[in-house]
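One-letter residues, chain by chain:
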Amino acid sequence: MYFSCKYAKSYVTQKEMEGLAAQVSAAHTLLHERKGQGNDYTGWLDLPEKIDVEAYARVKAAAARIAQQSEVLIVIGIGGSYLGAKAAVEMLTSPFFNYLPKEKRSAPQILFAGHNISGTYLDALMDFVGDKDFSVNVISKSGTTTEPAIAFRFFKLLLEKKYGKAEAKNRIYVTTDKSRGALFALAKEEGYERFVIPDDVGGRYSVLTPVGLLPIAAAGIDTDAMLSGARDAMGAYGIDSIEKNDCYAYAAARNILYRKGKTTEVLANYEGSLHYFAEWWKQLYGESEGKDGKGIFPAAVDFSTDLHSMGQYLQDGMRNLFETVLHVQNPPADVAVPAMVGNVDGLSFLEGKTVNHVNRQAFLGTLMAHTDGGVPCLLLEMEAQDAYNFGKAVYFFEKACGISGYLLGVNPFDQPGVEAYKKNMFALLGKPGYEAEGEKLLRRLGEI
């Protein structure tokens, strides 16, 4: 991953970067010596080199078995339990992967559930599965998170009805805590194959654990290459130097901008297949930094699509934001603009040029326009859109997030605010033990 802040040089100077070097070095020490806030959840830091070989072999064997026995894999999870896998599948397979007939796919369709509370979605997904052979990978540390727990009830019953209880258990793969929790207990009782979410890795940092590896491998993606990219990233981004470490330079630049009132970061991409990578990034940074009244608000746009909607705001709106462009240097495919008789659309000057060439000029033109419009632009360039660079990018952003959180003065590895909506929801639903609080909330709602 190559980083440059030359398009933000009016806002991020070399002197300012040098001035922040000592704080970045201190954050590096806190992170690597496990002395900072949330240090119990820094297992992701050396995970690529310490991966459990036996567990990883079981992941690949299970993925092969799923591909052999099923047309569809339903991945049940929310937040970090699904976004990493969704990002990889969208970024590293055909944009029409799930629409291809099975003879043109080397892997099952990968579909997701448990990431919302929509009866419409669940009903449509169960109807879609219909008479297809399918398996389920349910991912939850506790097994009691509302959204995935509801979805798992439906698909567990659907499997048992379709195949019988004995065969259904061979199609249910559980990723959960190693020794406790409702889902662990159920999996042990029913005999489901279990994979472990490490105790020292939080959900949003779990892409390179079985949480992400099983569904990603089931999609036919080269997880060996992905882990190789992450291992190389460990070396490249483990250097305690803001000058030699692009990961640390990115963390520093965004914090310099934040301290100047640029409180929103917009991650922009020029490949639609990076949409869910940006969604994963949004959770990683939003959940890690948004606390104690602090934090850079993470937003994302897909260009050039969103240039016809959000482009106006980015060009001329409030100047409380900065833009980070995630650009792929070598996209996986390309086509040339064909000739057309009559030049009806006025685009004959593009004939013979590749679409990626046109896209690159849109990228450069937009970068200059937004810079001229007063938007500081940071540039991150990914060499290729493949499994190796996916693994490298995941580690890059995880490491930058940890450093950035410490620069902000927050714990980047907890998420206390996430519990607030759950408490209110349980009270309104009448969960045992929440009745009194539920009555209070109903009175408050009536008064609004």
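Residues numbered from 1 in each chain as written. Predicted model: local features only at pLDDT ≥ 70, side-chain atom pairs only at ≥ 80, totals over all residues. Heavy atoms only, no water.

Draft legend 1. The overall build of the protein, seen in detail. Scanning the protein from terminus to terminus reveals 16 helices and 10 strands. Computed over its C-alpha atoms, the radius of gyration of the protein comes to 23 Å, within 12% of the 22 Å expected for a compact globule of 448 residues. Over its C-alpha atoms, taken along the principal directions, the protein stretches across nearly 65 × 60 × 55 Å. Expressed as a percentage of its 448 residues, the buried residues of the protein come to 50%. Of all intrachain contacts in the protein linking residues separated by at least 6 positions in sequence, the fraction that spans at least 24 positions is 77%. The protein carries 47 positive and 54 negative side-chain charges, and their two centres are separated by 4 Å. (Helix = DSSP H or I, 4+ residues; strand = E, 2+ residues; numbered from the N terminus. Rg over C-alpha atoms; globule rule 2.2 N^0.38 Å. Buried < 20%, exposed > 50% of the residue type's maximum accessible area, 1.4 Å probe, protein only. Contact = heavy atoms within 4.5 Å. Lys, Arg positive; Asp, Glu negative; His and termini not counted. Charge placed at Lys NZ, Arg CZ, Asp CG, Glu CD.)

Draft legend 2. Unusual backbone geometry, seen in detail. Cis geometry is found at the peptide bond from Phe303 to Ser304, where omega equals 5 degrees. Turning to its location among the elements, Ser304 is positioned in the loop between β8 (297-302) and α12 (311-316). A positive phi angle, near 55 degrees, is found at Arg34, a position not held by glycine. Take Arg34: its relative accessible area is 30%, and that puts it in the partly exposed class. Although it is not a glycine, Asn343 sits at a positive phi angle of roughly 50 degrees.

Draft legend 3. Inspection of helix α2 (residues 53-69) at higher detail. The terminal C-alpha atoms of α2, which comprises 17 residues, lie 24 Å apart, in line with the 24 Å expected from a rise of 1.5 Å per residue. What α2 keeps buried is the set Tyr56, Val59, Ala62, Ala63, Ile66 and Gln69. Relative to the axis of α2, the buried residues are bounded by an arc of 155 degrees and lie together on one face. Exposed positions of α2 whose direction lies more than 90 degrees from the buried face are Val53, Glu54 and Gln68. For α2, the N-terminal capping position is held by Asp52, with its side-chain oxygen 3.1 Å away from the main-chain nitrogen of Glu54. (Expected span 1.5 Å × (residues − 1). Arc of directions from axis to C-beta. Polar contact = N/O pair within 3.5 Å; in protein donor to acceptor, adjacent residues only side chain to side chain.)

Draft legend 4. Expanded view of the sheet that holds strand β1 (residues 2-4). The sheet built from five strands is open, its strands ordered β1-β10-β9-β7-β8 with mixed pairing. The open sheet terminates on both sides in strands that have one partner only, identified here as β1 and β8. Strand-to-strand twist of the sheet, defined as the mean angle between neighbouring strand axes without regard to direction, takes the value 20 degrees. Where strand β7 (residues 264-269) lies against β8, six bridges are found, and the strand directions are parallel. Within the sheet, the bridge partner assigned to Glu265 lies in β8 and is Pro298. (Pairing = 2+ DSSP bridges. Axes fitted to C-alpha atoms, helices over the stretch in contact; angles between N-to-C directions.)

Draft legend 5. Quick peek at the sheet that holds strand β4 (residues 134-139). Spatial strand order, β3-β2-β4-β5-β6: five strands in an open sheet with parallel pairing. Only two strands of the sheet have a single neighbouring strand rather than two, namely β3 (109-113) and β6 (193-196). Across this sheet, the average inter-strand angle for adjacent strands is 20 degrees, counted without regard to direction. Here four bridges tie β4 to strand β5 (residues 172-176), and the two strands are oriented parallel to one another.

Draft legend 6. Broad picture of the packing of helix α9 (residues 223-236) against helix α14 (residues 387-408). Interaxial distance between α9 and α14 falls to 6 Å at its minimum, and their mutual angle equals 40 degrees. As the angle between them shows, α9 and α14 are arranged oblique. With respect to the hand of their crossing, α9 and α14 are arranged in right-handed fashion. Here Ala225, Met226, Ser228, Gly229, Ala230, Asp232, Ala233 and Met234 of α9 come into contact with α14, specifically with Ala387, Tyr388, Phe390, Gly391, Lys392 and Tyr395. (Parallel < 35°, antiparallel > 145°, perpendicular 65-115°, else oblique. Left-handed = near helix turned anticlockwise from the far one by under 90°.)

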